[in-house]
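Per-entry structural report
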Amino acid sequence: MSKDLSIAVVGSGYVGLVAAACFAEIGHTVICVDSDEARVHMLLEGGIPIHEEYLPELLSRHRSRALEFTTDLRRATQESQAIFIAVGTPQSKSGNADLSYVDAVASEIARSINDYKVIVEKSTVPVYTNEWIRRVIERNGVPRELFDVTSNPEFLREGTAVADFLHPDRIVLGAETERAAAVLQQIYQPLASGSYYALANAVPGPRREGDPPPTLLTSTKAAEIIKHASNAFLAAKISFINVVANICEAAGADVEEVARGIGMDSRIGPKFLRAGIGYGGSCFPKDVAAFRHVAEQMGVNFGLLSEVEKINAEQKRRFFQKVRSALWTLRGKRIGVLGLAFKGGTDDVRESPALDIVGQLLQEGCLVSAYDPAATARTNEVLPPGPQMHYVDDPYEAAQDADALLILNDWQEFAELDLDRLHYTLRYPIVIDGRNLYDPATMLAKGFTYLSVGRPVMLHARDAAVEHRLP
Ligand code: UDX
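Residues numbered from 1 in each chain as written. Predicted model: local features only at pLDDT ≥ 70, side-chain atom pairs only at ≥ 80, totals over all residues. Heavy atoms only, no water.

**Some details on the site of the ligand**
Lining the immediate environment of the ligand, one finds 18 residues, of which F155, L156, E158, R274 and R435 sit closest. Residue L273 places a main-chain N or O atom 3.4 Å away from an oxygen atom belonging to the ligand. In this structure, an oxygen atom belonging to the ligand sits 2.7 Å away from a side-chain N or O atom of R435. Protein burial of the ligand: of its 670 Å² of free accessible surface, 95% is covered by the chains. (Near = heavy atom within 4 Å. Polar contact = N/O pair within 3.5 Å; in protein donor to acceptor, adjacent residues only side chain to side chain. Areas by Shrake-Rupley, 256 points an atom, 1.4 Å probe, with all protein chains shown as cover.)

Shown next as structure tokens:
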């Protein structure tokens with residue numbers, strides 16, 4: 001691999017920690033900085049604050065060799081050639097991205113600069129943030145020739161973050177000077193040249209030595225927009241298929257067949273066409289709102305994004321209506337819930353549609369028994385256990401004597417349940433699946449009443465008879 005660089009990564013959240021571990025993995029010397037002393041202490045002690053495949057392996061491979069953790073941003077800045085800002089950009093009350101952490105970090109970096117540094121925006125930020133960072137650093141008296149501000153957006157997904165980082169579809173490098181672009185290219189050289197994939201212990205993924213990711217060199221502003229536009233487009237794709245699912249429900253068609261048919265058009269592609277209970281997580285909701293605000297501030301009407309948000313909210317409401325339609329009244333009903341995180345494969349519950357639905361069930365007086373392979377501890381912090389809310393250790397415990405079982409995210413484990421066991425565990429064999437993990441005909445054959453998204457309702461003979469008599 002190429003000559004290594006010294007890199008500081010500021011922020012040890014999902015993006016920062018994964019980036020730090022992966023930069024060490026491709027041969028660089030990395031200092032990961034966080035102002036949260038407890039978190040740094042945990043990382044120094046060998047703890048891993050997030051659930052992410054391959055992260056434990058990479059941390060134990062590089063910790064205290066190529067990767068160190070500190071709260072000392074000054075030292076990290078002085079010892080590094082490139083400083084990646086990967087701090088949070090939460091949504092402010094107005095919907096804008098709150099850039100106060102980025103501002104504070106930029107000022108601190110400015111006060112510490114001793115020689116030429118490439119400052120890299122890794123967090124998702126609105127266009128023009130690079131210019132603000134530049135201004136903040138100049139205001140602190142740093143001469144223009146001592147730094148460049150660049151943008152290197154990150155497209156990793158939670159749950160598969162390490163593999164996404166090391167096997168990206170593309171590497172986007174936004175820089176205004178050749179000097180800065182050269183540093184960024186050197187950092188990514190082991191991926192862009194394919195040399196990383198030839199290593200025996202490389203993290204597995206789709207890229208190969210002969211098929212490395214392409215690098216796209218752009219302006220800094222274009223790179224900032226690429227990130228927001230990518231997330232907004234993907235969110236729009238999900239909202240689009242969710243409305244199509246609602247049409248399928250009304251028409252008696254199956255959205256899975258329709259999605260397959262749409263996705264075979266190579267201009268559209270098959271990914272992100274899974275209908276469900278709406279998107280959640282720390283990125284899509286925040287980034288769609290922020291991009292809409294960016295457009296507004298520039299006098300551009302992006303009403304499409306408001307629709308995307310409305311449809312996403314409506315999708316959760318429709319799912320809840322399904323629960324009501326299957327159970328009639330809700331007070332006192334015992335509901336088994338599979339899935340709390342905003343999707344399978346992660347412990348993250350931020351903006352989780354599942355938590356929204358669980359919150360509504362509790363409000364309506366249901367008794368909830370919930371299971372998630374990784375997200376129980378985090379859900380506990382926002383929905384503490386109590387007389388109505390129980391956390392259990394496996395899917396069948398959640399289903400035990402329940403009036404219905406709800407599937408709210410897509411862990412593989414939820415798609416592989418023993419249906420016979422599930423049937424006799426439930427009080428009533430009703431499954432309401434917000435992620436379309438089962439084949440409706442199989443569920444009916446197994447004796448379930450099965451409701452999913454954008455597909456025909458399967459009524460068990462007993463329910464079908466009642467339905468027939470209802471007005
Ligand atoms: C997303 C982007 O994919 C990633 O590129 C970016 O860097 C961060 O935001 P992430 O939030 O980890 O990643 O999750 P992702 O897998 O994209 O799913 C987002 C949400 O959309 C989840 O709630 C998921 O369940 C939902 N989703 C996704 C669907 O409802 N249908 C789909 O077809 C795909």
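**Points about the packing of helix α1 (residues 14-25) against helix α3 (residues 55-62)**
Running from N to C, α1 and α3 cross one another at 55 degrees; their axes reach a closest spacing of 9 Å. The orientation of α1 relative to α3 falls into the category oblique. Judged by the sense of rotation from one axis to the other, the crossing of α1 with α3 is left-handed. Of α3, the residues touching α1 (which contributes L17, V18, A21, C22, A24 and E25) are L55, L58, L59, R61 and H62. Counted by class, the contact of α1 with α3 contains eight nonpolar, one polar and two charged residues. (Axes fitted to C-alpha atoms, helices over the stretch in contact; angles between N-to-C directions. Helix = DSSP H or I, 4+ residues; strand = E, 2+ residues; numbered from the N terminus. Parallel < 35°, antiparallel > 145°, perpendicular 65-115°, else oblique. Left-handed = near helix turned anticlockwise from the far one by under 90°. Contact = heavy atoms within 4.5 Å. Nonpolar A, V, L, I, M, F, W, Y, C, P; charged D, E, K, R; others polar.)

**Here's the deal with the state of the cysteines**
This structure, assessed with the given rule, holds zero disulfides. With no disulfide partner, C32 has as its closest neighbouring cysteine sulfur the one in C22, 12 Å distant. (Disulfide = S-S within 2.5 Å.)

**Some points on the domain arrangement of the chain**
Domain annotation of the chain identifies domain 1 (6-218), domain 2 (227-311) and domain 3 (316-469). Placing the centre of domain 1 and that of domain 2 at their C-alpha centroids yields a distance of 29 Å. The interface of domain 1 with domain 2 comprises 17 residues on the first partner and 13 residues on the second. Summing both sides of the interface, domain 1 and domain 2 together bury roughly 1,200 Å²; the carbon and sulfur share of this comes to 59%. Of all residues in domain 1, the largest losses of buried area upon contact with domain 2 belong to Q91, N96 and T124, amounting jointly to 35% of the total for that side. (Domains from an automatic or database assignment. Buried area = accessible area lost by both parts, 1.4 Å probe.)

**Considerations on the packing of helix α12 (residues 303-327) against helix α13 (residues 353-363)**
Remark: α12 packs on α13, axes separated minimally by 10 Å, with the N-to-C direction vectors making an angle of 45 degrees. Between α12 and α13, the angle falls in the class oblique. Note on packing geometry: the crossing formed by α12 with α13 is right-handed. On α13, the residues touching K316, F319, F320 and V323 of α12 are P353, D356, I357, Q360 and L361. In terms of residue class, the contact of α12 with α13 is built from six nonpolar, one polar and two charged.

**Things to note about the packing of aromatic side chains**
Geometrically, a pair of aromatic rings is defined through the distance of the ring centres and the angle of the planes. Overall, the coordinates contain nine aromatic pairs when judged by the stated rule. Measuring from centroid to centroid gives 5.8 Å for F23 and Y188, while their planes differ by 70 degrees, and the two rings are edge-to-face. A residue pair is termed long-range when its members are at least 10 positions apart, and F23 in helix α1 and Y188 in helix α8 (residues 178-192) qualify at 165 residues. By the burial criterion, F23 is buried, and Y188 matches it. Each ring, one from Y196 and one from Y197, has its centre 5.7 Å from the other, and the planes form 75 degrees; the classification is edge-to-face. Across the pair, exposure class does not vary: Y196 and Y197 are buried alike. Through a chain of ring-to-ring contacts, the aromatic side chains of F23, F84, F165 and Y188 assemble into a single cluster. (Phe/Tyr/Trp six-rings, centres within 6.5 Å; stacked < 30°, edge-to-face > 60°. Buried < 20%, exposed > 50% of the residue type's maximum accessible area, 1.4 Å probe, protein only.)

**What about unusual backbone geometry?**
Backbone geometry places S64, a non-glycine residue, at a positive phi of 60 degrees. By the secondary structure assignment, S64 is in the loop between α3 and β3 (67-70). In this structure S64 comes out as exposed when scored by relative accessible area, which is 67%. The phi dihedral of W328 falls on the positive side, at around 65 degrees, and the residue is not glycine. Along the polypeptide, W328 turns up in the loop between α12 and β9 (334-338).

**Thoughts on α13**
Because the α-helix completes a turn every 3.6 residues, residues three or four places apart line up on one side. For α13, every residue scored as buried is listed here: P353, A354, L355, I357, V358, L361 and L362. In the stretch just after α13, G365 is the one whose phi turns positive, near 90 degrees.

**Some details on the nonpolar core**
Membership of the largest hydrophobic core comes to 48 residues, with the highest contact counts inside it found for F23, F84, F165, L166, I187 and Y188. If you tally residues by element for this core, the top one is α1, at nine residues. When near neighbours in sequence (up to four residues on either side) are disregarded, I187 contacts L5, I7, F23, I26, H28, A82 and F84. If you look at the next biggest cluster of nonpolar residues, it comprises 30 residues, including V323, L362, L406 and L408. (Core = buried A, V, L, I, M, F, W, Y, C linked by side-chain atoms within 4.5 Å.)

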